[in-house]
Amino acid sequence: MNLIKYISLFLLVILISCKGENKLEVGQKTSMKIDKLFNAGTRVKGEVIEAIFNIENTGDYPLVFGEIKGSCSCTVAEKPEDPILPGEKGVILAKVDTESFRINSEVSKYVTLVANTDPNRVTLRIIAQIK
């Protein structure tokens, strides 16, 4: 008899806690506007390029980023930790260390991110001329 009371109480707590507004659910796809190219211009060898990609959630659900990965160890990116709500804006910051690049070379590095968009993978590109 006590077991039934505990199970009933547990289920009641779960049902009450599930009521909420703007809950993110698996499978909610949204859309975003993002500039996919950052032209860093001419940079001095050894300088760290800080590329800022502005994001706008143009869909109806919160925009959530999963994995974000640079194309090599010299490229590191940071994603927004909190969901970007519909109509809101955010940024992705990517840093490229140019220490190992050759002087007088053109550089093209990539950041791939996964989000709840369609398509779910987006590739961002950072270009620069190293002097």
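Note that the structure is predicted; figures quoted are calculated from it, not measured.

Concerning the sheet that holds strand S4 (residues 65-70)
Thinking step 1. The strand order across the open sheet formed by four strands is S2-S8-S7-S4, and the pairing between neighbours is mixed. Sheet topology places strand S2 (37-43) and S4 at the edges, where each strand pairs with a single neighbour. Strand-to-strand twist across the sheet, computed as the mean angle between neighbouring axes with direction ignored, equals 15 degrees.
Thinking step 2. For S2 and strand S8 (residues 121-130), the ladder comprises five bridges, and the chain directions are parallel. Within the sheet, the bridge partner assigned to threonine 42 lies in S8 and is glutamine 129.

Overview of the sheet that holds strand S6 (residues 89-97)
Thinking step 1. With antiparallel pairing, the four strands of this open sheet are ordered in space as S1-S3-S6-S5. Since the sheet does not close on itself, it has two edges, and those belong to strand S1 (32-34) and strand S5 (75-78), each with one partner. Averaged over all adjacent pairs, the angle separating strand axes in this sheet is 25 degrees, with direction ignored.
Thinking step 2. Inspection of the sheet shows S5 paired to S6 by four bridges, in the antiparallel sense. From the neighbouring strand, valine 76 faces S6, where its bridge partner is lysine 95.

Observations regarding the confidence of the model for the protein
Thinking step 1. Residue-level pLDDT values for the protein average 86, and 80% of them are 70 or greater.
Thinking step 2. For residues 15-22, every residue scores under 50 in pLDDT, and the model assigns this stretch one contact once sequence neighbours within four places are set aside.

What counts, and where the lines are drawn
Residues numbered from 1 in each chain as written. Predicted model: local features only at pLDDT ≥ 70, side-chain atom pairs only at ≥ 80, totals over all residues. Heavy atoms only, no water. Pairing = 2+ DSSP bridges. Helix = DSSP H or I, 4+ residues; strand = E, 2+ residues; numbered from the N terminus. Axes fitted to C-alpha atoms, helices over the stretch in contact; angles between N-to-C directions. pLDDT = per-residue confidence, 0-100. Contact = heavy atoms within 4.5 Å.

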